[in-house]
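Breakdown of the fold
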Amino acid sequence: MRLRTLKYNLRKRIRQWGASNIAAALFALMASLLFLLSAIINPSGGVIKSDLRRLERNVNNRLEILDNYAQQALLHPNNKWLQFPDFPEDMVIYKYRADTIQSWINEFPIGNDEVDVLPLWYRMHYLGTKTPFDTPLAYISENYGYINLGSSWFLAKRVTSGRTKVIAALLIKSDYPAENLLLTNKLNPNFGIKHPITIENGVFYEGFPICDRNGKTLFVVSNPLTPNINVDTIVLRWIAVLLAALALFSFYSGRRTLRVFWLYWAGITLLRLFCFTLKGSITTASPFFSASLYADFGIFSTFGDFLLNGLYLFVLTAGIYLLRKNCLLYLKRCSQWRRWELIILLSLYTLALIVYIHWSLRSIILNSTITLELFRLDEMSIYTILVYLSTALLMLGVLLMLQFVLPILNIGRNGSMFKPKSLLLFSVIISLYTIATISILSFYKEKERAETALH
């Protein structure tokens, strides 16, 4: 009895809430969970673009703080010891009067603090001794340089006013000759980099430069560039985008009003824009976003963009088609001007969709290595199938728009584009168009390639 009551109440709730609202809520919940899970999963090693941007930003922020302290130290009375409350532990300041150190905050891991003894060489060492031949501080210039001082690497510079000199340095990383439980090599934790990276001097090594505010290279990161996120995270985020799109479509399909349509359009457009940022986290080794497979310009820069653009337009067209009944009811009570205004807008959209299909098909033939000719079966791949599927979705969008527009124009009032005869005629037309377009453009492409080879 209780089970029957529970089932009855559940069905009642579903009818009250609506199946589309429940589906939208479930899809949105799953998308949110996947986004959250993708944020928790850590990338697998290597240096990534976001790490480089964060490192450069945080280094420059720390240098600005250090510059302020250096100026304060320079203006501080020479007969008083330097004292700055809450001075950062990753910064070092030595203040000199002539050639004598006057005061300091924190210390360098070296044994010689001379700044005026400049030999022809000095030995880069760990915890060296006080000798005239080991004076690394004497080499520090007025611009920040990446230098080794004992067991650590710093960005250091010299600030001078008269006979007063200040050495200011920011710790970049510790570099011990042998690690143990107490001594571990690590990057400055204030930079917020969680993944291991290798930092080198920009003079002797190549890599990704980390620059100051003026564009001068401070040091380089020599790690190979890897994706911003690992494969698991990439998959989770793409699935989350798909679920978010399904949530929007489910929410909109339960209402189908013009106001909700604008929200739906804005939502899928934001998802499409998010995909532009998401693809930036995928390595160029991925064929879907590699110029070796397909490369054009703008929104057709990669094969992945080609597929996403087609999917976006189909989802938008499906949303427009869902307004069909409301539009037909609106046309019965609106003025003649409003009627023609709607007809022109829908016709222009249908025409634009057709133009886009031709433009995108032309682009994929001329600017990719994908084989589309059906007689070259041995050269076809999964990308060939994806191109045909994407084009078929857009053709289906054209069919939906014709089903929408033709009754308004009083063409085929008693018929439907979904009747067998209409579908057969439409299929024959798009098949002939597709075959002719692929054949002509492929022939032109091969001819141009042959002429280029001859020259």
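Residues numbered from 1 in each chain as written. Predicted model: local features only at pLDDT ≥ 70, side-chain atom pairs only at ≥ 80, totals over all residues. Heavy atoms only, no water.

Per the secondary structure count, the protein includes 10 helices and 10 strands. In the protein, buried positions account for 42% of the 455 residues. Partitioning the intrachain contacts of the protein with sequence separation of at least 6 by distance along the chain shows that 58% fall at a separation of at least 24. Accessible surface computed for the protein: about 26,600 Å², of which carbon and sulfur atoms make up 64%. (Helix = DSSP H or I, 4+ residues; strand = E, 2+ residues; numbered from the N terminus. Buried < 20%, exposed > 50% of the residue type's maximum accessible area, 1.4 Å probe, protein only. Contact = heavy atoms within 4.5 Å. Areas by Shrake-Rupley, 256 points an atom, 1.4 Å probe, with all protein chains shown as cover.)

The subject of this paragraph is a nonpolar patch on the surface. A cluster of nonpolar side chains, namely W340, I344, L348, L351, V355 and L409, defines an oily patch on the protein surface of about 560 Å² accessible area. In this structure, L351 sits in helix α8 (residues 336-366). (Patch = residues over 30% accessible without salt bridge, like charges linked within 9 Å, V, L, I, M, F, W, Y side chains within 5 Å. Salt bridge = Lys/Arg side-chain N within 4 Å of Asp/Glu carboxyl O.)

Ranked by size, the top nonpolar core spans 49 residues in total, and within it F303, F306, I320, L346, I364, I370 and L372 carry the most contacts. Elements supplying a minimum of two residues to this core: α5 (258-279), α6 (303-321), α7 (324-333), α8, α9 (382-408) and α10 (420-454). Per-element accounting of this core gives the leading share, 11 residues, to α9. Dropping the residues within four chain positions of it, I370 is found in contact with L293, F303, I364, Y383, T384 and V387. Counting residues in each nonpolar core, the second largest holds 33 residues, with V59, L63, L218 and F219 among its members. (Core = buried A, V, L, I, M, F, W, Y, C linked by side-chain atoms within 4.5 Å.)

Our focus in this paragraph is the sheet that holds strand β2 (residues 91-97). One open sheet accounts for five strands, arranged β3-β2-β6-β5-β4; its pairing is antiparallel. A single partner strand is all that each edge strand has here, and the edge strands are β3 (100-105) and β4 (145-149). The average angle at which neighbouring strand axes cross in this sheet is 30 degrees, direction not considered. (Pairing = 2+ DSSP bridges. Axes fitted to C-alpha atoms, helices over the stretch in contact; angles between N-to-C directions.)

So, on to the packing of aromatic side chains. For the structure on display, the rule yields 20 aromatic pairs. Pairing Y69 with F87 gives two aromatic rings, centres 4.8 Å apart and planes at 70 degrees, and the pair type is edge-to-face. One end of the pair, Y69, is in helix α3 (residues 49-75); the other, F87, is in the loop between α3 and β2, and 18 residues separate them in sequence. A relative accessible area of 15% means that Y69 is categorised as buried. Here the aromatic rings of Y294 and F306 are separated by 6.3 Å at their centres, their planes lie at 65 degrees, and the arrangement is edge-to-face. Taken together, the residues Y294 in the loop between α5 and α6 and F306 in helix α6 connect sequence positions 12 residues apart. Both residues of the pair, Y294 and F306, belong to the buried class. Three or more aromatic residues joined by ring pairs make a cluster, and in this case those are F249, Y252, F261, W262, Y264 and W265. (Phe/Tyr/Trp six-rings, centres within 6.5 Å; stacked < 30°, edge-to-face > 60°.)

We now examine the confidence of the model for the protein. Summary statistics for the protein give a mean pLDDT of 80 and a share of 81% for residues scoring 70 or more. Per-residue pLDDT stays below 50 along residues 42-46; that stretch engages in 11 contacts with residues further than four places along the chain or on separate chains. For residues 122-130, every residue scores under 50 in pLDDT, and the model assigns this stretch 27 contacts once sequence neighbours within four places are set aside. (pLDDT = per-residue confidence, 0-100.)

This next bit is on the side chain of T437. Inspection of the secondary structure puts T437 in helix α10. Residue contacts for T437: discarding those within four places in its chain leaves H358, L361 and I365.

Moving on to the packing of α6 against α9. Geometry of a packed helix pair, given as the angle between the helix axes and the separation of the axes. Two elements in contact, α6 and α9, have axes separated by 9 Å at closest approach and are oriented at 20 degrees. Here α6 is positioned roughly parallel relative to α9, judged by the angle of their axes. Judged by the twist between their axes, the crossing of α6 over α9 is left-handed. Contact with α6, carried on its side by F303, F306, L307, G310, L311, L313, F314, T317, A318, I320 and Y321, involves Y383, L386, V387, S390, L393, L394, L396, G397, L400, M401, Q403 and F404 of α9 and no other residues of that element. (Parallel < 35°, antiparallel > 145°, perpendicular 65-115°, else oblique. Left-handed = near helix turned anticlockwise from the far one by under 90°.)

With that settled, consider the sheet that holds strand β8 (residues 208-211). A sheet is described by the order of its strands in space; here three strands give the open sequence β7-β9-β8, paired in antiparallel fashion. At either end of the open sheet lies a strand with only one pairing partner, and these are β7 (199-200) and β8. Of the strand pairs in this sheet, β8 and strand β9 (residues 217-221) are connected by four bridges, and their pairing is antiparallel. By the bridge assignment, C211 is partnered in β9 with T217.

Here we come to the pairing of β4. Summarising burial for β4: four of the five residues are buried, a large majority. When β4 meets strand β5 (residues 152-161), the two strands line up antiparallel, connected through five bridges. Following the sheet pairing, G145 is matched in β5 by A156.

Packing of α7 against α9 brings their axes to within 11 Å, and their N-to-C directions diverge by 10 degrees. It follows from the interaxial angle that α7 and α9 lie roughly parallel. In this structure, α7 contributes R324, C327, L328 and L331 to the contact, and α9 contributes Q403, F404, P407 and I408.

Another point: unusual backbone geometry. Residue A98 is not a glycine yet carries a positive backbone phi of 60 degrees. Assignment of secondary structure puts A98 in the loop between β2 and β3. The backbone of N106 shows a phi angle near 65 degrees, a positive value even though the residue is not glycine. Among the structural elements, N106 can be located in the loop between β3 and β4. For N106, a relative accessible area of 31% puts it in the partly exposed group.

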